[in-house]
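Here is what each chain is made of, one letter per residue.
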Amino acid sequence: MLSFLQRWNARTKKWLWGLVILGILASLPIAYQRIQTESSANTVEFVFDYRDLLDVAAYQPNPQQYVDEQLDRLKEAGVQSMAMFESTLAEYKTNRRVLVYNAAEMATLTGQAFNPNENYTYILFTNEENERRIAPLVTNTFSSLEIGVKPWTWNDKNGLIIETPVENAVLKPMPQDPIAMEMLHGKGFHIVPRLTDSLPYDQQAMEQLFAEYAALGVKRILFEGESVKGYTDDAEKKSIAAFAELLNKYDIGIAAIENLKSPQKGMNKLAYLINYNVVRIYSLSEADSSLSESVIADRFVLGTKDRNIRMIYLNTQAATNPAKASITNSVDNLIRSLQKPGNAIAGIESNGFELGQAQAFNVHDASWQRYAKLFVLIGGVALIALLISYFIPVLMLPAFVIGLIGAAGLYKLSPPLLEQAMALGVSISSPTIALVLLVRKVMAVADAKPDMTAGRRVGLTIALYAKTAAISLASVPLIIALLNNITYSLVLEQFRGVSLLHLAPIGLVALYVFLYRGDSVVGEARKLLKTPITLLWIVAFCVLGAAGYYYLTRTGNAGKVSGIEMVIRTLLEDTFGVRPRFKEFMMAHPAFVLGLFLSFKYRNAVYLFIIAAMGQLSLVDTFAHIHTPIVISLIRVVLGLGLGLIIGLIAAGVWQILERCWQTWGRKLVQAKE
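Residues numbered from 1 in each chain as written. Predicted model: local features only at pLDDT ≥ 70, side-chain atom pairs only at ≥ 80, totals over all residues. Heavy atoms only, no water.

A.B. asks: So, the sheet that holds strand β4 (residues 121-125): which residues are in play, and what are the values?
C.D. replies: Spatial ordering of the open sheet is given by β3-β4-β6-β5, a layout of four strands whose pairing is antiparallel. Single-partner strands in this sheet number two, and they are β3 (98-101) and β5 (149-154). Across the sheet, the axes of successive neighbouring strands diverge by a mean angle of 25°, strand direction being ignored. The pairing of β3 with β4 spans four bridges and is classified as antiparallel. By the bridge assignment, Y101 is partnered in β4 with Y122. Helix α5 (residues 103-110) contacts β3, β4 and β5 of the sheet and is inclined by roughly 110° relative to β3. (Pairing = 2+ DSSP bridges. Helix = DSSP H or I, 4+ residues; strand = E, 2+ residues; numbered from the N terminus. Axes fitted to C-alpha atoms, helices over the stretch in contact; angles between N-to-C directions. Contact = heavy atoms within 4.5 Å.)

Below, the structure written as structure tokens:
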């Protein structure tokens, strides 16, 4: 049986490579359609938090005048839209629409006896216009919650008595302030309403609200809190579907907030029901709004270019400044970030974007993609089987057959799970296979030509560097095709298993380097266990440990960035327009080039390929960030490879010089001491 499998494995290996190539070819038109999708929406919208502006104005001597002046400045600076939260009594009080009193304050105000058994909320409207526009909203909201509302008057001012304590009344959300919305619309701002899911869903009320939104030209809604509108009542009222119906009817889309700890509940379902009329929004926090203009501008430019961000949300806050003995805010800082000296808008426009209302991507997803993906899946299974063959050759053909059967079963169970599992498998396979083939090639060349000249070694290094990178990137078209879904671009779904991708190729390459270069795995394992630990081993482990620590600190969104690195990154961004990954061109790729150059002469230099594995898997991982446009990822990879090659060749040249110096003077010094 074993000999039978060995014969068939030898015959079919090239056919498996053929299936991999076929899968790559089938994935290319899918990748092209994704590029079409990514280039279909190039409008960027800046949105300012209107509530924050009101909060800041509350500390000014002339609040309404201040708001009016700042709105004009923000408009001139490039802010096109204002986000408006659902109003509350607290907000109406802040912007002088109403006066709010509790029972004790009302008794003091009117001179009436305080009733200890009555704890109501009393509001007075500050003028007739406020009463006409706000009173119906207050009455409808509290009546729908079965809280009594009745009119009252004091000192020729009309008001309402709400039969609930102030502490409860100020929490209840009401529709956005209609007076403020009309004022902002009149100033040329687009309105981006923010809706909560804190009250029972009412389709009739939502229909009326959406009609008002449509009259003001609203095109996108943002949710506040941990769920979308209608999520809480969805099981009973099917309210998400009802809400989606209104969104479709009035041609209004939604926004997905970037970097939330967890996605807003119901977002995926709602996005599906509105045909993914969704854009990604980056929110600059109140605290971050005080960062330097260049840092803020850099975030905005990179977000739109590298992460498919099409809406940028600006927050501000009032803060006490003891040094100036005053209360300050970050509005001026934000304006300087957008204009000079930050020049965020200029940077965004230089990348081919324009300012306006954000638009959802026009998804290019032809029906033939499902058939092309079949070949992609077969090619992916073949690539995983080939990886297995380099460690356990006899299992290659069984792994391929079992993989096909398992893929078919998983497709029936969960197609998205199959796509993610296959994408993870091929992303691990190609860089590992590339480095295994490299180790084999280097060993064969070193044994056949042990006395190569330095020039010949450099030539082979460059050729094998390019070949290895090409093999590592073989899985990229497969990953793009497997995960070609707008849900990944919008980060409604995420590619799982990235942590395994960061570690598995390194571990597998280390396993191959330590155990698969001798006559047998068992023999190499015994030899390794019997090897005495020397000072050189300790130094090597320290170097690998430091490299591993640096690698881990640079992995993920929370990676640490040094000041020197920030300078280099800015220089690269200004020079090339795209930043290559720092850990690739400053560590992994140079280690790869140096290791290649040395391994033709020094057999143990292949251990540097373990560090090099970080760079090869990073090539693939770059494209696994589906929210980054393919073109940007491709430029980033090419730049990283190019800069890494240059730095690696410089390191090899320095090594060669030091080696010559040692040969010329070092040995003489040793002999002289003896």
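A.B. asks: Before we move on, can you summarise the nonpolar core with the specific residues and values?
C.D. replies: Side chains that are nonpolar tend, in soluble globular proteins, to be buried together. By size, the foremost hydrophobic cluster in this structure holds 80 residues, and its most contacted members are M422, L438, V442, F592, L596, F600 and F609. Per-element accounting of this core gives the leading share, 14 residues, to helix α18 (residues 415-448). Those residues in contact with F609 that lie beyond four places of it in its chain are L435, L438, V439, V442, V509, F592, G595, L596 and S599. Core analysis: the next-biggest nonpolar cluster, separate from the first, contains 70 residues, L246, I274, F300 and V301 among them. (Core = buried A, V, L, I, M, F, W, Y, C linked by side-chain atoms within 4.5 Å. Buried < 20%, exposed > 50% of the residue type's maximum accessible area, 1.4 Å probe, protein only.)

A.B. asks: Residue-level account of helix α3 (residues 63-77), with values.
C.D. replies: If you check α3, its first and last C-alpha atoms are 21 Å apart, about what 15 residues at 1.5 Å a residue would give, namely 21 Å. All of the buried residues along α3 are Y66, V67, Q70, L71, L74 and A77. Projection of α3 onto a plane perpendicular to its axis shows the buried side chains occupying an angular sector of 135°, all on one side. For α3, the exposed residues lying more than 90 degrees away from the buried face are Q64 and E76. At the C-terminal side of α3, G78 shows a positive phi close to 120°. (Expected span 1.5 Å × (residues − 1). Arc of directions from axis to C-beta.)

A.B. asks: Explain the pairing of strand β11 (residues 309-314) to me, using residue names and the numbers behind them.
C.D. replies: Of all six residues making up β11, six are buried, and the element is well covered by its neighbours. Taken together, the four bridges between strand β1 (residues 43-49) and β11 define a ladder with parallel strand orientation. Counted as the bridge partner of F46 is I312 from β11. Pairing geometry for strand β10 (residues 278-284) and β11, over five bridges, is parallel. Bridging across to β11, R280 finds its partner in I309.

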